[in-house]
Amino acid sequence: MSAGTSLSKEFFELLKAIGESKSKQEEDRIIVKEVSTLKRKLESGASSSAPGAPNPLLSSKKRAKEFLVRLLYVEMLGHDASFGYIKAVEMAASASLYHKRTGYLVCGACLAPSHEFRFMLVNQMQRDMQSSHVLEICGGLIAAAQLITSDMVPAM
């Protein structure tokens, strides 16, 4: 079976390992290892010897999208992935509709109703809803339906 063109081999192997795990403890070990891998990838730009060197994870939108999907898997399996939430917020501000949708999806699925990052998304959703591009307006409306709480209604 092929990993496909949209998945990295490493991501495919992670999904395969989770699917083939025999117990919850084995699954937890796999996810704990994945969390440490994701943290290392997120911080790899910060530990670079050259100041201002781009983080390889974030230099490619495809890699950043896969990072967020992996983060979503970690959350869905009951582990904390709050270290990467800011990247989901940043992805929601992307010019690409595909990446914007991914950012909004992860924010909607992972951020608690009282999380401060939801307030950071209000301006982005407003910009999307004021766009002249119909698909951006739809994305902003869908995100608002998932992310806006009663406390945020006056701001919208």
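Residues numbered from 1 in each chain as written. Predicted model: local features only at pLDDT ≥ 70, side-chain atom pairs only at ≥ 80, totals over all residues. Heavy atoms only, no water.

**Q** So what's going on with the packing of helix α4 (residues 61-76) against helix α5 (residues 85-92)? Which residues, and what values?
**A** At a minimum axis separation of 10 Å, α4 and α5 run at an interaxial angle of 135 degrees. As summarised for this structure, α4 and α5 are arranged oblique, according to the angle between their axes. Crossing angle aside, the handedness with which α4 passes α5 is left-handed. Contact residues: α4 offers K61, A64, K65, F67, L68, L71 and E75, while α5 offers Y85, K87, A88 and M91. Class assignment for the residues of the contact of α4 with α5 results in 7 nonpolar, no polar and 4 charged. (Axes fitted to C-alpha atoms, helices over the stretch in contact; angles between N-to-C directions. Helix = DSSP H or I, 4+ residues; strand = E, 2+ residues; numbered from the N terminus. Parallel < 35°, antiparallel > 145°, perpendicular 65-115°, else oblique. Left-handed = near helix turned anticlockwise from the far one by under 90°. Contact = heavy atoms within 4.5 Å. Nonpolar A, V, L, I, M, F, W, Y, C, P; charged D, E, K, R; others polar.)

**Q** Lay out the side chain of K65 with the relevant residues and their values.
**A** Relative to the assigned elements, K65 resides in helix α4. At 6.9 Å, E66 is the nearest oppositely charged side chain to K65, a buried residue that forms no salt bridge. (Buried < 20%, exposed > 50% of the residue type's maximum accessible area, 1.4 Å probe, protein only. Lys, Arg positive; Asp, Glu negative; His and termini not counted. Salt bridge = Lys/Arg side-chain N within 4 Å of Asp/Glu carboxyl O.)

**Q** A description of the environment of C107 should follow, citing residues and the corresponding values.
**A** Tracing the backbone shows C107 in helix α6 (residues 97-110). Judged by its relative accessible area of 1%, C107 falls in the buried class. Along the primary structure C107 and I86 are separated by 21 residues, whereas in three dimensions their C-alpha atoms are 9.1 Å apart.

**Q** Which residues make up the nonpolar core, and what are the values?
**A** Side chains that are nonpolar tend, in soluble globular proteins, to be buried together. In terms of nonpolar packing, the biggest core is built from 31 residues, with L68, L71, Y104, C107, L121, M125 and L147 touching the most fellow members. Contributing elements (two or more residues each) for this core: α1 (9-20), α2 (24-43), α4, α5, α6, α7 (116-129) and α8 (134-147). Ranked by residue count, the leading element in this core is α4, at 6 residues. (Core = buried A, V, L, I, M, F, W, Y, C linked by side-chain atoms within 4.5 Å.)

**Q** Go over the packing of aromatic side chains, please, and point to the residues and values.
**A** Applying the stated criterion across every chain yields a total of 1 aromatic pair. Each ring, one from F11 and one from Y73, has its centre 5.8 Å from the other, and the planes form 75 degrees; the classification is edge-to-face. Here F11, found in helix α1, pairs with Y73, found in helix α4; they are 62 residues apart in sequence, far enough to count as distant. In this structure Y73 comes out as partly exposed when scored by relative accessible area, which is 28%. (Phe/Tyr/Trp six-rings, centres within 6.5 Å; stacked < 30°, edge-to-face > 60°.)

**Q** Describe the layout of surface pockets, and please don't skip the residues or the numbers.
**A** Considering only enclosed or pocket space, the largest pocket measures out at about 300 Å³ in volume. In terms of lining residues, the largest pocket is bounded by 15 residues, among which L97, K100, R101, T102 and L105 are the most central. Breaking the lining of the largest pocket down by element, the ones donating at least two residues are α4, α6 and α8. In terms of residue class, the lining of the largest pocket is made up of 10 nonpolar, 3 polar and 2 charged. (1 Å grid on protein atoms, 1.4 Å probe; cavity = no way out; pocket = protein on both sides within 12 Å on 5 of 7 lines; lining within 4 Å. Points joined across faces, edges and corners; volume = space filled by probe spheres on them.)

**Q** Which residues make up α6, and what are the values?
**A** With 14 residues, α6 extends 20 Å from end C-alpha to end C-alpha; this agrees with the ideal 20 Å at 1.5 Å per step. Those residues of α6 that fall on the buried side of the exposure criterion are H99, K100, T102, G103, Y104, V106, C107 and C110. Where α6 is buried, its residues touch α4, α5, α7 and α8. (Expected span 1.5 Å × (residues − 1).)

**Q** Describe the environment of Q146, listing the residues and the values that go with them.
**A** Turning to its location among the elements, Q146 is positioned in helix α8. Remark: the alpha-carbon pair of Q146 and G108, spanning 38 residues in sequence, is separated by 5.7 Å. Those residues in contact with Q146 that lie beyond four places of it in its chain are Y104, G108 and R118.

**Q** For α1, give the residues involved together with the corresponding values.
**A** When the terminal C-alpha atoms of α1 are compared, their 16 Å separation across 12 residues agrees well with the 16 Å that a helix rising 1.5 Å per residue should span. Within the sequence span of α1, burial applies to F11, F12, L14 and I18. The buried side chains of α1 occupy one side of the element, clustering within an arc of 155 degrees when seen end-on. (Arc of directions from axis to C-beta.)

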